[in-house]
Amino acid sequence: MQITIVGAGKAGFAVASQLAREGHEISIIDKNEAVLNEALAALDVTGLAGNGVTRELLEEANAGEAELFIALTGNDEQNLLSCLMARKLGAQNTIARVCRPEYTSMLPLVAEDLGLSMAVNPEKEAAMEIVRLLEMPSAKKIETFVQGKVEMIDYDVTADSPMCGKQVKDAFANMRTGLVAAVERDGKVFIPLGGFRFKEGDVMTVVAPAGKMYTFFKEAGVPQKVIKRVIISGGGRTSFYLAQQLLKQRIRVTIIEQNEANALALAERLPQADIVVGDGTSHSVLDEQGLDEADAFCCLTGIDEENILTSLYAKHIRRTIKTVTKISRVELTPIVRPLGLGSVVSPKLITADQVVSYVRAKQNGVGSGVLTLYHILEDKAEAIEFEVSQRSKLVNVQIKDLKLKKDVILACINREGKILSPRGDDALQPGDTVIIVTTQTGFDVLDDILRDE
Amino acid sequence: MNKRMTAYIVGVLLLAEAGLMLLPMAVALMCREWNCVYAYLLSSGFLAMVSYFLIRLRVETRTIYSREGLVAVALGWVVLSAGGALPFVFSGEIPSFVDAFFETVSGFTTTGASILTNVEALSRANLFWRSFTHWVGGMGVLVFVMMTQSLSSGGGDIHLMRSESTGPAVSKLVPRSRSTAKYLYGIYCMITLFEIVLLLVAGNDVFTALTLSFGTAGTGGFGILNSSVAAYNNATQIIITIFMALFGVNFGCYYLILTKRAKEAFRNEELRVYFGVMLAAITVITVNIAGLFENVWEALKHAAFQVSSIMTTTGFATADFNQWPELSRMVLVLVMIVGACAGSTGGGMKISRIIILCKEGYRQMKKSISPNRVEVVHFNGKRVPPELVSGIAGFLILYVLIFLGSLMLISLDGFDTTSNITGVVATLNNIGPGLEMVGPTGNYAAYSGFSKLVFIFNMLAGRLEILPLLAMLMPRTWRK
């Protein structure tokens, strides 16, 4: 697909790198030549320096022939204008990043006139992901598939976990709410079979229908804490969206914000929340606000390093606290991994995922049997959605009788919109779609997952 | 530095070369030159074996940066030329390795300078291979390999493309390196094929049509006759004149024409200046040499052929321009240095560099009389970033230094100044023939082995536009 991206910042870069890797033809437009050159050196894309709103530049970039035009600069108005221009020049679909809360209500009214296919709001999406993480405190990371119908979470196996030291078939005997699709141990990803034995330090990846995850963990015997009190450090847009959502669920929220004017504005719009003016990195402010009694602590300031340090401090004060750390600079992710930080959220990556899944959905039905392909567990594994055709050798055979290749697992079945967690006595039917999780690559049709006879 | 990855890329190059050698081998089989069949089989097998070991190296990370791109290309071209010299040695037709190496470097860098005193003595297979190296070297071997596979992870291929392609600011035609490589070679093959057909129609045999087309396409200049192109009929000479000029055009322009943006292509500043300079040079020389020929048309034909050949840095000749009046000789030496367009298969400084340098010089002049004046250099209607201007100025400095240094070194042999100067100009700009001793009827055979090595360095520096070669030779590139 021919795609034009305006803005080579963090979000633009993340989107471009994912899409370029999937074989799309990407052109990037950015005002800042230095930033652009960095992107050009790292990715197989072309670039053009200049203002992505002007007609001259968009024409030079051939934006009119783009099947998708994405505006991801930090300026909402500019993004909307860019998209409008691109539409007028002939771009088929446009996506704009619009992040000011004031504009959320405006979008549905004008989206059609602007010809906008989708608006992405990294801060809001990040807030929604944090909400999901707080609903499932034991999850380290949550991803959704199949238009949000399937959830996948990462869970740290600790010495206290009920499955620790047990085999998969014993730990999750007779459970139909979800399944363990992968286990990461010492940086390597395994696809566990029934006989796989869990160890402390494993990261287990569970796939379950949306909404069933809670039940899955309850049945597995993992104590589920209910979050009742959340402290948020930093009063930016993410914090606003998050607080708004949490307050709806009657969770007590305290926001610590340094800037008095910002704090006042928040207080005006979130009357039920406790807004405190103070330094969110100061231990006395945190202690005063009751960090030792809070269930969750979200560090969402604009400075990654501050977020990392305060999260670590919070873990130190209260070992059981759920922390969520916002990290904007994706480069930091590998550096913080050994720190045991708990959940990490990067708004830019979430935006990238959103755009990428939009592109994949657009491509559906083209060519091979793969409906969608997700890179998961930091690219160490793939989740692939296949359509089950009439002729497939897998149809009407009980799953326990299928001779699957090593390192492949059938993670879930989508039967007429209903998501099932497959068990040995289930069988696939034509018209189903299935998600398989695998550490191998190169599956083009569903029957490829069968062992060669 | 990622040495394993660099070695891997060199290995892939050698494998490509081993494959390409099967073509001259087929020619040898068809012409029943059994000695050459054996030479090419042996060379190809040897290269395949070496590349097997390089490709099998365990490469931990496939990421490459600017440094690896420069070194891989420079090293790749040296190794490639050394490998390409093997069949000449094995077949016994150019027994000295330095001579064979010179000939192959001259081939791959599309120079066309030869150490052979009697070209016609070579076997068909070797003549074919000599001309074919022009064709391969013209567009680049790595770009050729890039069509089939991506060599590095991420966007690393652009570093290779930048080092191997010509011009000050190499950019891709389309977002993906692989598609860009395909377009470039697609256009290249199409125009070459067109020329082959026309040459066949003009009454040449298949072998002549092929070798002449390879020599034109790569802007190389190896002929298969001692008299270069002079012995062919008028139609052939005119076809070659036109196609030489066409291969000196930025391939980006052809891409624009292909994608129905011909207007943009013809508005291209470099293209206009290129044809402008060419026409001016042809006019001056035609007037200057009119007296030497029976009529003006004959003079025009020879002037056009020589200018087109020299300016695109091809190096074919239909007349011994060494015997021409001094003004014409000087004009030819000047267009040698100017060269063809960036992004073409031609060599030289490149029109775009000359344009930007002239504009920058003019800007500096204006600035000296009104120091507070603010002005930017424009090229093709766009601002040229200052780093690019200083990059080109730096290129010029290195170019001059290499020119002077080489001149000094080859003067050890004691030949006359004109031969020496034009010899260095003709190799550094990938033309081939110079004046006097190295003129169109002469060759480089008389120079010592050491001087030949200097010329080899010049040819490689010219084709790769200096920086890759210097980057490879700098110790700090290799330091940990």
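Here we summarise the structure given alongside this text. (Residues numbered from 1 in each chain as written. Chains lettered and ligands numbered in written order. Predicted model: local features only at pLDDT ≥ 70, side-chain atom pairs only at ≥ 80, totals over all residues. Heavy atoms only, no water.)

1. Overview of the overall build of chain B
Here's step 1: Secondary structure summary: chain B contains 22 helices and two strands in total.
Here's step 2: Relative to the globule expectation of 23 Å for 480 residues, the C-alpha radius of gyration of chain B, 22 Å, shows essentially globular dimensions.
Here's step 3: Across its three principal axes, chain B shows a C-alpha extent of roughly 60 × 55 × 50 Å.
Here's step 4: When the 480 residues of chain B are sorted by exposure, 58% land in the buried category.
Here's step 5: Surface accessibility of chain B: about 18,900 Å² in total, with carbon and sulfur atoms responsible for 67%.
Here's step 6: Taking the average place of the 35 positive charges on the side chains of chain B and the average place of its 26 negative ones, the gap between the two points comes to 14 Å. (Helix = DSSP H or I, 4+ residues; strand = E, 2+ residues; numbered from the N terminus. Rg over C-alpha atoms; globule rule 2.2 N^0.38 Å. Buried < 20%, exposed > 50% of the residue type's maximum accessible area, 1.4 Å probe, protein only. Areas by Shrake-Rupley, 256 points an atom, 1.4 Å probe, with all protein chains shown as cover. Lys, Arg positive; Asp, Glu negative; His and termini not counted. Charge placed at Lys NZ, Arg CZ, Asp CG, Glu CD.)

2. Focus: the environment of Asn250(B)
Residue and element names in this part refer to chain B.
Here's step 1: Relative to the helices and strands, Asn-250 resides in the loop between α11 (234-247) and α12 (251-258).
Here's step 2: In sequence terms Asn-250 and Gly-381 are 131 residues apart; their C-alpha atoms lie 17 Å from each other.
Here's step 3: Once you skip the residues sitting within four places of it in the chain, Asn-250 turns out to touch Glu-270, Cys-341, Ala-342, Gly-343 and Ser-344. (Contact = heavy atoms within 4.5 Å.)

3. Some words on the pattern of salt bridges
Here's step 1: Inspection of every chain in the model, using the stated rule, returns 23 salt bridges over all chains.
Here's step 2: Among the ionic pairs, Lys172(B) bridges to Asp44(A), the shortest N-O distance being 2.7 Å. Here the residue Lys172(B) occupies a position in the loop between α8 (157-164) and α9 (177-201), and Asp44(A) occupies one in the loop between α2 (33-42) and β3 (46-49), the pair thus bridging two chains.
Here's step 3: You can call Asp44(A) buried: its relative accessible area is 16%.
Here's step 4: As a salt-bridge pair, Glu375(B) and Lys366(B) come within 3.0 Å of each other at their nearest N and O atoms.
Here's step 5: For Glu375(B), a relative accessible area of 24% gives the class partly exposed. (Salt bridge = Lys/Arg side-chain N within 4 Å of Asp/Glu carboxyl O.)

4. With respect to the side chain of Ser344(B)
All names here are of chain B.
Here's step 1: With respect to the element layout, Ser-344 can be found in the loop between α16 (326-338) and α17 (351-369).
Here's step 2: A polar atom in the side chain of Ser-344 sits 3.1 Å from the backbone nitrogen of Gly-346.
Here's step 3: Setting aside residues up to four positions removed in sequence, Ser-344 forms contacts with Thr-166, Phe-247, Gly-248, Val-249, Asn-250 and Phe-251. (Polar contact = N/O pair within 3.5 Å; in protein donor to acceptor, adjacent residues only side chain to side chain.)

5. Let's talk about the nonpolar core
Here's step 1: With 148 residues, the main nonpolar core has Leu160(B), Tyr274(B) and Tyr444(B) as its most contacted residues.
Here's step 2: Among residues more than four places away in sequence, those in contact with Tyr274(B) are Met244(B), Ala245(B), Gly248(B), Val249(B), Met311(B), Thr312(B), Ala340(B), Cys341(B) and Ile351(B).
Here's step 3: Grouped together as the second largest cluster of nonpolar side chains are 50 residues, Val180(A), Val206(A), Leu266(A) and Ile350(A) included. (Core = buried A, V, L, I, M, F, W, Y, C linked by side-chain atoms within 4.5 Å.)

6. Observations concerning the interface of chain A and chain B
Here's step 1: Taken residue by residue, the interface counts 15 residues in chain A and 17 residues in chain B.
Here's step 2: Summed over both partners, the interface of chain A with chain B buries about 1,100 Å², with 41% contributed by carbon and sulfur atoms.
Here's step 3: Linking chain A with chain B are two salt bridges.
Here's step 4: Residue Glu60(A) is joined to Lys382(B) by a salt bridge in which the shortest nitrogen-to-oxygen separation is 2.7 Å.
Here's step 5: Our count for the chain A to chain B interface comes out at five residue pairs in polar contact (both at pLDDT 80 or more).
Here's step 6: Going through the elements one at a time, β2 (25-30) and α2 of chain A are the ones with two or more residues in the side of chain A that touches chain B.
Here's step 7: Taken together, the residues of the side of chain A that touches chain B sort by class into six nonpolar, five polar and four charged. (Buried area = accessible area lost by both parts, 1.4 Å probe. Nonpolar A, V, L, I, M, F, W, Y, C, P; charged D, E, K, R; others polar.)

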